[in-house]
Amino acid sequence: MKRLRSAVRTTLICSLLAVLVLLTAGWSLGGSRDNVVVTYNTPQNWVNWGDVLREFSRETGITAPNDNKNSGQSLTALIAEKNSPLCDVVYLGIAFAPQAVKEGVLQSYMPPGFDDVEPALKDANGLYTTVHYGSVAILVNTEALGDRPMPQSWEDLLDPMYKGMIGMLDPTSAAIGYSVVVAVNEALGGTLEDFEPAFDYFRKLNENDVIYPKQTSTAKLMKGEIPILIDADFNGYGLKYEQFGPIEVVIPLEGSLKIPYVVGLVNGSPNEENGKRLLDFLFSAKGQELFAKGYVRPINPDVLTEEIESKFLPASDYERVFDVDYELMSKVQEGFNNKWLAEFGG
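All values derive from a computational prediction rather than experimental measurement.

*Asks:* For helix α9 (residues 233-241), give the residues involved together with the corresponding values.
*Replies:* The buried fraction of α9 amounts to seven of the nine residues, a majority that puts the element mostly inside the structure. Turning to α9, its buried residues are Asp-233, Phe-234, Asn-235, Gly-236, Tyr-237, Gly-238 and Leu-239.

*Asks:* Describe the packing of helix α2 (residues 49-60) against helix α10 (residues 272-282), listing the residues and the values that go with them.
*Replies:* Look at α2 against α10: their axes get within 11 Å of each other, and the N-to-C directions meet at 120°. The angle between α2 and α10 places the two elements in the oblique class. As for how α2 packs across α10, the hand of that crossing is right-handed. Where α2 abuts α10, its residues Trp-49, Val-52, Leu-53, Glu-55, Phe-56, Glu-59 and Thr-60 lie against Asn-274, Arg-277, Leu-278, Phe-281 and Leu-282.

*Asks:* Go over the layout of surface pockets, please, and point to the residues and values.
*Replies:* As a volume, the largest pocket reaches approximately 540 Å³. With four residues, α9 is the largest single contributor of residues to the lining of the largest pocket. Classifying every residue of the lining of the largest pocket by side-chain character gives eight nonpolar, 12 polar and four charged. One number sums up the size of the second largest pocket: a volume of about 400 Å³. Leu-75, Gln-99, Ser-330, Gln-333 and Glu-334 are, among the 18 residues lining the second largest pocket, the residues nearest its centre. Going through the elements one at a time, α3 (71-80), α4 (97-102), α14 (326-331) and α15 (333-344) are the ones with two or more residues in the lining of the second largest pocket. If one sorts the elements of the lining of the second largest pocket by residue count, α3 sits on top with five residues. Classifying every residue of the lining of the second largest pocket by side-chain character gives four nonpolar, nine polar and five charged.

*Asks:* For the side chain of Lys-258, give the residues involved together with the corresponding values.
*Replies:* Examined against the element boundaries, Lys-258 turns out to sit in strand β8 (residues 256-266). One polar contact links Lys-258 to Asp-323, side chain to side chain, over a distance of 3.5 Å. Lys-258 has contacts with Tyr-133, Gly-134, Ser-135, Val-321, Phe-322, Asp-323 and Tyr-326, leaving out every residue within four places of it along the chain.

*Asks:* Outline the pairing of β8, supporting the account with residue identities and numerical values.
*Replies:* For β8, the buried fraction is high: 11 of the 11 residues fall into the buried class. For strand β2 (residues 89-93) and β8, the ladder comprises five bridges, and the chain directions are antiparallel. For Leu-92, the partnering residue across the bridge sits in β8 and is Val-262. Pairing geometry for strand β3 (residues 106-107) and β8, over two bridges, is antiparallel. Bridging across to β8, Gln-107 finds its partner in Leu-265. Across six bridges, strand β4 (residues 129-141) lies against β8 in antiparallel orientation. When the sheet's bridge partners are listed, Thr-130 is paired in β8 with Val-262. Judged from the two bridges that link them, β8 and strand β10 (residues 321-322) form a sheet pairing that is parallel.

*Asks:* Describe in detail empty space enclosed by the protein, supporting the description with residues and values.
*Replies:* With the rule as written, the count across this model stands at four cavities of 30 Å³ or more. A volume near 90 Å³ is recorded for the largest cavity. Surrounding the largest cavity, Asn-41, Pro-43, Trp-46, Asn-70, Ser-71, Tyr-91, Leu-169, Ala-174, Ala-175, Ile-176, Thr-216 and Tyr-261 form its lining. The calculated volume of the second largest cavity comes to roughly 50 Å³. Around the second largest cavity sit Leu-78, Glu-81, Lys-82, Pro-85, Val-105, Val-266 and Asn-267, which together line it. Of the residues that constitute the lining of the second largest cavity, the class distribution is four nonpolar, one polar and two charged.

About the criteria used
Residues numbered from 1 in each chain as written. Predicted model: local features only at pLDDT ≥ 70, side-chain atom pairs only at ≥ 80, totals over all residues. Heavy atoms only, no water. Buried < 20%, exposed > 50% of the residue type's maximum accessible area, 1.4 Å probe, protein only. Helix = DSSP H or I, 4+ residues; strand = E, 2+ residues; numbered from the N terminus. Axes fitted to C-alpha atoms, helices over the stretch in contact; angles between N-to-C directions. Parallel < 35°, antiparallel > 145°, perpendicular 65-115°, else oblique. Left-handed = near helix turned anticlockwise from the far one by under 90°. Contact = heavy atoms within 4.5 Å. 1 Å grid on protein atoms, 1.4 Å probe; cavity = no way out; pocket = protein on both sides within 12 Å on 5 of 7 lines; lining within 4 Å. Points joined across faces, edges and corners; volume = space filled by probe spheres on them. Nonpolar A, V, L, I, M, F, W, Y, C, P; charged D, E, K, R; others polar. Polar contact = N/O pair within 3.5 Å; in protein donor to acceptor, adjacent residues only side chain to side chain. Pairing = 2+ DSSP bridges.

See below:
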């Protein structure tokens, strides 16, 4: 009997604690979340999302937790939750955005500055808008590299001296991973309708035992567990200047790819007004400045300071960074995923 009473007491305590947590986060017992905005794909250490959401909460009093999903996981979750959405605002690599539109998981909202965004970087009906962008780059932990030369090109990475040292996010799951493959493909003469140059390249590169994590792996780069990470330039700058890591950023000599990231209001958002307030903040001068401090190029270039600009590689390096037809990049992604999984697995 004592054991039964103890179990009941423990259950009641856990239930009360769960209710307290919900109330603290702004939920009411009736299911309302008036003081919360839920985001997907906003890791704290990614492009300064931690400071962005903290400042938004400070200014508005609205709780805005970070979320560690990547683009692919976020889209999968939105589709699964379509009939009963849990998320208000989603952040995606632009290649995932047209699919989100097709699946009907976004609703129209045009934040401040929408009209100034290039047509190729937004949905004409306001279903998504680019908030900032970066570039595919080779990030190198120079201490973990030892006495090996720092790779300067896609070709350099094929050298057996880098065996076991290279990583990049899973291209069938993460926007940056897919962007890396597109960057390689375009730089080596391929097109969005012909990925064979990239597949030929990765057949060779995989002989160096490349690893493909599904989650952001900058911490592993910082620790030297992955000495060479093919990723976004802004992640390298953040490690170098904010965490004082032995990190260098390289734009490959053959060329690379611009990586736009978009935000959108979720269709059926449970906290629609809070979601709109967050989107307004992301495109405000303050929001754009905070993203710039995460070393991405804000969609509003006027907020960039000379101090931040001085930390980027020279402009001549970025002349090798190109755009593609991002809508077509999205359309061919499923076929690419199937081919990748069939040849390399997941």
